[in-house]
Structures are given as structure tokens and as C-alpha cells.
Amino acid sequence: MNTSLSKLNQICNKEERLIIGLMSGTSLDGLDIALCKISNAGKDTRVKLLAFETVPYQADLKNKIKEICFRKEVDLEQVCLMNKGIAEIHAQLVNQFLSKNGYDKGAIDLIASHGQTIYHAPARLRAKDEFGNATLQIGDGDYIATQTGIITISDFRQKSIAQGNEGAPLALYGDYLLFNNSAENRILLNIGGISNLTNIPKGAQFSDVLSTDLGPGNTMMDQFVQQNFKGKYFDDFANIALKGVVCNELLSELLNHEFFTQDLPKSTGPELFNISYLERSLNRTANKISLENVMATLNRFTATSISLGVQQFYNINEKIVIYVSGGGSHNPLLMKNLESMIPNAKFKDTSALGIDPDAKEAILFALLANETVSGGYSVFGAEVKSMGKISLPN
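The paragraphs below set out a description of the structure included in this document. (Residues numbered from 1 in each chain as written. Predicted model: local features only at pLDDT ≥ 70, side-chain atom pairs only at ≥ 80, totals over all residues. Heavy atoms only, no water.)

1. A few points about the layout of surface pockets
If you add up the space inside the second largest pocket, you get close to 500 Å³. Residue lining of the second largest pocket: 18 residues in total, with Phe70, Arg71, Gln223, Asn274 and Ile275 positioned closest to the centre. Counting residues per element, the ones that place at least two in the lining of the second largest pocket are α7 (219-228) and α9 (275-283). Here the lining of the second largest pocket takes four residues from α7, the largest share from any one element. Considering only residue class, the lining of the second largest pocket consists of six nonpolar, seven polar and five charged. (1 Å grid on protein atoms, 1.4 Å probe; cavity = no way out; pocket = protein on both sides within 12 Å on 5 of 7 lines; lining within 4 Å. Points joined across faces, edges and corners; volume = space filled by probe spheres on them. Helix = DSSP H or I, 4+ residues; strand = E, 2+ residues; numbered from the N terminus. Nonpolar A, V, L, I, M, F, W, Y, C, P; charged D, E, K, R; others polar.)

Below is the structure:
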């Protein structure tokens, strides 16, 4: 038997595994690396975060990624080159992470790599055609496996597409394993480039759980800052937005899209919610709006789209606890807006449940890899068989 296949067989039968989760989101700000100790599988899954780091992307790498991301027209040669290039960079960062934290790569069972989404194309956002849902993540797992010497599971979203779903969000699987409970109605809200939530009613079975994208998270705010404030990549602590006031006319234009009235679950990305979307909305408003007022309005836009989503699950009289993760959880104005717009909710971050809010997304992909090799996804029902492609180091 191939030595890597033999090792994979041993990993499948272990009671405890060391799995590195890698996540690079639509914000394009860097790579999240989470080393997890995961035991058992299914409802018996237990996870402990051993080490975590977000490695920021250098400006030139960000620019190269932006050239091929979320656009209908791109240089195909660059897509080809970056598929390899991102994987090689991720492998290098994993090797550095292990060395820095004192782990031998031979002790690591698996890498779970999300890859870099460069285009997400759910059928609902296109004119009807024969293709249906589609998505594309680059950063090939073969390069990561070869250059780290660690079996790598990647490309998780394709199996979801193949099974007739939209490929996003995938958070519901890990969220259900970690956060299902009988005490409270929980919403796991992640505010990255795009905002998404998983609704877990108290005492829920998996069939009761729903995960959906809600609209823009940080992506439009970040793009606007990068376009108009030299040297800045995001509105740090909402310093810009706090100097402005909300323009209700612009807010109304931003909310004037069929996405917000479509049935749940649904998915979206920066292909829709981007600087061009903002510019079209601005062109439909009567008055010139200051940069600070645009930022304040974009902040409220994100909060409003999240609030609209939450309202589809719970009315104003139902008590819920919303556990927040992702970069948006650090934006004080966004959190203030959410608290005022969803008064029946108590807001906490996921550290209250023992999960680092910045590491949560990377941890969730480590959990998917763990299910692929050990759990068979049976806890999620017959329709989910497995996710991810397995790449061997040799």
C-alpha cells in the first residue's frame, strides 16, 4: 500500500487528531491558521485550539489576488499561476507556523484548506442557464501536501455544489457539532467580507438548523476605505464612520436589491456587493454625500442586512443569544447598530462558548476534514456524504 494511504488509514482510526485549519476569506486580508486537537466525530466531537495565528498578506500579494477575484473578466494565465502561487504561499506559512510553535510536521495528521474564493456564482444571481450553482476556490491542495509533507483536504465547497446546494455557507456543519444545546436559541453570526449566520434553536436536530449568507459584512466598507483613504485597508475601530451620519436615501438604494427578499438559505459574495454596487447606488441619490457619511451608511447597511436576516427566524418577543465572530465583531459602531436593531438579542462573541472568534472559521474547516476521515457525516443525514478532496504528499 502507498505509504500515504497507509498513514491516512491510521489517521481514520485514531481517536484524536491534530488538524490544521486554513481560512482565507473574501476580505483578502490574510491567512488564518488554526492548529486543533480534535477527538471523536459527529455529536461526540471535541475540539481544543492549540495554536492560532492570522498572517497578513503583503500588499503586492493582495493586489495580485484582487486582479483575479470576483470579476467576470480576468487574465486566465494569472488565475493559473495564482492557483499554484497561493498554495505555495500557504504551504510556506504553515511550515513557518509549525516551526514557530514548536511542532514537528510529522505530528500533524491533516491540513484542512479552504483555499481562496475567486468567484462564487449561485444560480439565483444569474440569468437562468444550464449550469446551476458554481463556485471556484484556488490554492491547490496537491501543492500544500507536497510542500508540507502533510495529507491535505481541500476544495470543500465543490461537494456541496455537486449535491445540489450553493456551496456556501458551510458553517452550519461545524456550528451544529460545537454549539447545539438545549438551553437557549442561538445564532452564530460571522461577519467577514460577507456576513452569514447559523440559526440553532434550542434542542435542535440537524434538520432544524439553517445557515445562510445575509449580505455584505466588511467587504464594501473595506473597498470604500481602500479607494478613498490612502494607506488604509479598513475602518479601524470605525473611526471614519463615527465621524459621519447615516444617509437614509443612500441606505434605501443599497437595500433595493432582490437578494434581500429571496428565500433562505442563500449565498452571495463580493461579485454582487462591491464598490461598483455602491457607486450605482450613489448615482441614484440626489445629493453629494461626504466620505464619512458614506462610511456611516455602509456600516448601517451591513447591520440592516443582518437584522433583516435575524427577523426571518425570531420575532421581537423571542429571546435569542447571538454569538459573533469574524473581523466585524471588532467594529464598535457595527456592534452598536446591531444591538439597537435587534433588541431581543443578547450579544456575545464566541469566546463565551470556548472558541476564539477570530479562529472560528478555520476551526470549522478542520472539523469538516475530521468528519471526512472519521465521521462519514452521518450526523448530518443521508444527503451529506463527505466533503473535500484528499491530496497525498507522495
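Here the narrative resumes, following the displayed structure.
2. Overview of helix α6 (residues 171-179)
Of all nine residues in α6, eight are buried, a share of seventy percent or more. Looking at α6, one finds that the buried residues are Ala171, Leu172, Tyr173, Gly174, Asp175, Tyr176, Leu177 and Phe179. Turning to α6, the residues buried within the fold contact β7 (186-191), β8 (194-200), β9 (210-216) and α12 (360-375). (Buried < 20%, exposed > 50% of the residue type's maximum accessible area, 1.4 Å probe, protein only. Contact = heavy atoms within 4.5 Å.)

3. Focus: the packing of aromatic side chains
Under the definition given, this model contains 13 aromatic pairs. Taken together, a centroid distance of 5.9 Å and an interplanar angle of 55° make the contact between Tyr377 and Phe380 tilted. The residues Tyr377 and Phe380 share a single accessibility class, namely buried. Grouping aromatic residues by their ring pairs yields a cluster made of Tyr173, Tyr176, Phe206, Tyr377 and Phe380. We note Lys62 situated over the ring of Tyr233; from NZ or CZ to the ring centre the distance is 3.7 Å. When the ring centre of Phe259 is taken as origin, the NZ or CZ atom of Lys266, which lies over that ring, is 4.3 Å away. (Phe/Tyr/Trp six-rings, centres within 6.5 Å; stacked < 30°, edge-to-face > 60°. Lys NZ or Arg CZ within 6 Å of the ring centre and 35° of its normal.)

All quantities given are derived from atomic positions and should not be read as evidence of function.
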